Amino acid sequence: MGRVTAEDVDRVGIGFHPDPGKSMSLRSEAYTDPFWLEADVQAIFARTWQWICHVEKLTSPGGYVSATVAGMPIAVVRVRGGALRAFYNVCKHRAHELLAGSGITRNIVCPYHAWTYGLDGRLKAARRAPFDTGGICLDQIAVAEFGGFVYVNLDPAAAPLGEQAGDLAAEIAMWAPDVAELTHAKRLTYDVATNWKNVIDNFLECYHCHIAHKEFVDLVDMDTYEVKTHGIWSSHFAEAGKHENAAYDVSGASVTEHAVWWLWPNTCLLRYPGRGNFMVFQVIPAGPDRTLETWDFYFETAELLDAEIQSVRYIDEVLQQQDIALVESVQRGMRTPAFDQGRIVYNPDGAGLSEHGVHHFHGLVLDAYRRLVDSRQMKGGMPSPV
């Protein structure tokens with residue numbers, strides 16, 4: 001694997017312009033070349049806030065959740081006193097992973113040699129160790145409760161999530177004040193043959209909706225659809241769910257707005273018409289042309305009402321299938337010599353049919369690549385492999 005240079009970043013971003021009305025997209029190599037996938041992991045996923053779970057999984061002292069972030073095993077625990085701690089999920093003895101799945105524990109015990117850590121990460125006991133174990137601790141990483149969910153960041157220099165996107169938390173609290181009280185009801189998973197950035201591009205514009213999502217445009221009033229971009233997030237709002245439609249039953253809906261947020265780089269947060277609800281759509285790269293997707297549904301009760309069963313089925317069997325077909329076709333096209341990059345369609349007077357959200361995303365991608373190059377130069381001009 002090579003090293004990302006400033007020249008590489010200039011090449012993949014050639015034609016990108018700060019004005020979306022004058023801009024081209026990222027070049028296709030950013031979506032097809034393994035070189036850029038590794039850059040995405042190191043420059044983006046290892047340095048950004050990554051969604052882990054709903055706060056309901058970590059309500060009690062000793063509650064824990066394990067996960068993988070940018071290829072790294074991590075664990076989040078609720079310590080006595082109520083604070084959250086997150087660590088690399090790696091024993092300091094022989095690097096065995098400590099916690100699996102989720103649950104509640106009094107201590108963190110390694111399943112290899114039973115080294116035992118407190119919930120704060122400090123080593124409490126090491127069987128037959130002939131040396132002083134004082135000072136041995138699990139390596140901490142940044143963790144945050146935000147908008148009813150838990151996030152972590154592997155970058156020790158990262159600004160707090162609340163500092164980076166406090167206005168997003170305020171919007172979620174306004175449009176979904178019940179989010180922290182909802183409960184997990186359903187998870188859907190997908191293995192998609194496309195680059196993760198194609199999935200995000202597709203999510204961030206509704207220019208394609210009238211063509212590809214006829215049921216969706218029957219659910220949502222597209223005349224009210226508005227996309228706004230912010231620092232590290234964007235929002236999609238529209239009036240919705242006020243009449244019989246081709247998507248699912250909204251006759252008893254207490255939520256009558258379509259409210260969607262994208263949090264850089266790969267977390268999509270949604271509140272659809274219906275009973276109190278919230279969805280998290282997470283996008284994880286698994287290869288240059290492979291993406292793992294999860295949809296987690298949170299409702300007022302774990303038992304779904306008929307209308308909620310319909311709404312989940314609509315996401316799973318209609319909307320997702322339509323989007324998967326689109327992004328997999330785009331990936332195939334990007335591998336041909338017929339395509340290198342395309343124009344951004346920008347319509348400031350019709351925000352719902354504009355691609356300025358995609359442009360915003362591409363700008364953040366290029367900024368992340370540049371920061372990676374700059375950080376290496378600051379370390380003496382000896383970049384490590386990406």
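Check the entry above for the structure.
Residues numbered from 1 in each chain as written. Predicted model: local features only at pLDDT ≥ 70, side-chain atom pairs only at ≥ 80, totals over all residues. Heavy atoms only, no water.

### So, the packing of helix α5 (residues 196-203) against helix α8 (residues 306-334)
- Following both chains from N to C, one finds α5 and α8 inclined at 130 degrees, their axes separated by 10 Å at the closest point. Considering the angle they form, α5 stands oblique to α8. Viewed along their axes, α5 and α8 form a crossing whose handedness is right-handed. When α5 is examined against α8, the residues Asn198, Val199 and Asn202 are found in contact with a partner set consisting of Asp323, Leu326, Val327, Val330, Gln331 and Met334.
- Per-class residue counts for the contact of α5 with α8 are five nonpolar, three polar and one charged. (Axes fitted to C-alpha atoms, helices over the stretch in contact; angles between N-to-C directions. Helix = DSSP H or I, 4+ residues; strand = E, 2+ residues; numbered from the N terminus. Parallel < 35°, antiparallel > 145°, perpendicular 65-115°, else oblique. Left-handed = near helix turned anticlockwise from the far one by under 90°. Contact = heavy atoms within 4.5 Å. Nonpolar A, V, L, I, M, F, W, Y, C, P; charged D, E, K, R; others polar.)

### Let's talk about the side chain of Ser28
- For Ser28, the location among the structural elements is in the loop between α1 (6-12) and α2 (29-32).
- Judged by relative accessible area, which is 8%, Ser28 ranks as buried.
- Not counting residues within four places of it along the chain, the set of residues in contact with Ser28 comprises Met334, Phe339 and Asp340. (Buried < 20%, exposed > 50% of the residue type's maximum accessible area, 1.4 Å probe, protein only.)

### Considering the nonpolar core
- Counting 87 residues, the largest nonpolar core has Tyr272, Phe278 and Tyr369 as its most contacted members.
- It is helix α9 (residues 356-378) that provides the largest number of residues to this core, a total of nine residues.
- Tyr64, Ile108, Cys110 and Leu138 belong to the second largest nonpolar core, which has 16 residues in total. (Core = buried A, V, L, I, M, F, W, Y, C linked by side-chain atoms within 4.5 Å.)

### Brief notes about the pairing of strand β10 (residues 149-153)
- Counting buried residues along β10, five of its five residues qualify, which places the element largely inside the surrounding structure.
- Residues Phe149, Tyr151 and Asn153 point to one face of β10 and Val150 and Val152 to the other, with burial holding for every one of them.
- Of the pairings in the sheet, the one linking strand β1 (residues 50-54) to β10 comprises four bridges and is antiparallel in character. For Trp51, the partnering residue across the bridge sits in β10 and is Tyr151.
- Two elements, strand β9 (residues 140-146) and β10, share five bridges in a ladder whose sense is antiparallel. In the sheet register, Glu145 faces β10, and the bridge partner there is Val150. (Pairing = 2+ DSSP bridges.)

### Here's the deal with the pattern of salt bridges
- Per the stated rule, a full pass over the model turns up 15 salt bridges.
- Asp40 is paired through a salt bridge with Lys197; the nearest N and O atoms lie 2.6 Å apart. With a gap of 157 residues between them, Asp40 in helix α3 (residues 34-44) and Lys197 in helix α5 connect regions that are remote in the sequence.
- Since its relative accessible area comes to 0%, Lys197 is described here as buried.
- The closest approach of N and O atoms between Asp296 and Arg187, which form a salt bridge, is 2.8 Å. Taken as a pair, Asp296 in strand β17 (residues 290-299) and Arg187 in strand β11 (residues 183-192) lie far apart in primary sequence, 109 residues in all.
- A residue is classified by how much of its surface remains accessible, and Asp296, at 2% relative accessible area, is buried.
- Taken together, the shared-partner salt bridges connect Asp8, Arg11 and Glu29 into one network. (Salt bridge = Lys/Arg side-chain N within 4 Å of Asp/Glu carboxyl O.)

### What to know about α5
- Of all the eight residues making up α5, eight are buried; the element is thus mostly covered by neighbouring parts of the structure.
- Residues Trp196, Lys197, Asn198, Val199, Ile200, Asp201, Asn202 and Phe203 constitute the buried set of α5.

### Considerations on unusual backbone geometry
- Going from Trp264 to Pro265, the amide bond is cis rather than trans, its omega being 5 degrees.
- Of note, Pro265 is situated in the loop between β14 (257-263) and β15 (267-271).
- The backbone of Ala70 shows a phi angle near 50 degrees, a positive value even though the residue is not glycine.
- With respect to the helices, strands and loops of the structure, Ala70 is situated in the loop between β2 (63-69) and β3 (72-78).
- A residue is classified by how much of its surface remains accessible, and Ala70, at 23% relative accessible area, is partly exposed.
- Positive phi outside glycine occurs at Ala95, with the angle close to 70 degrees.
- Turning to its location among the elements, Ala95 is positioned in the loop between β4 (84-88) and β5 (102-104).

### A closer look at the packing of aromatic side chains
- According to the stated counting rule, one finds 21 aromatic pairs in the structure shown.
- Measuring from centroid to centroid gives 5.0 Å for Phe35 and Trp36, while their planes differ by 85 degrees, and the two rings are edge-to-face. Each member of the pair, Phe35 as well as Trp36, is classed as buried.
- Aromatic side chains Trp196 and Phe361 sit 5.7 Å apart centroid to centroid with 70 degrees between the ring planes, which places their arrangement in the edge-to-face category. Linking Trp196 in helix α5 with Phe361 in helix α9, this pair joins segments that are 165 residues apart in sequence.
- A relative accessible area of 0% places Trp196 in the buried class.
- For Phe361, a relative accessible area of 0% gives the class buried. (Phe/Tyr/Trp six-rings, centres within 6.5 Å; stacked < 30°, edge-to-face > 60°.)

### Quick word on helix α4 (residues 161-175)
- Helix length check: α4 (15 residues) gives 19 Å between terminal C-alpha atoms against 21 Å at 1.5 Å per residue, within 8%.
- Taken as a whole, α4 carries its principal kink of about 55 degrees at Asp167.
- Every buried residue of α4 is accounted for by Leu161, Ala165, Leu168, Glu171 and Ile172.
- Residues of α4 that are buried make contact with β9, β10, β13 (233-239), β14, β15 and β16 (277-287). (Expected span 1.5 Å × (residues − 1). Bend = angle between axes of the 7 residues up to and from the residue.)

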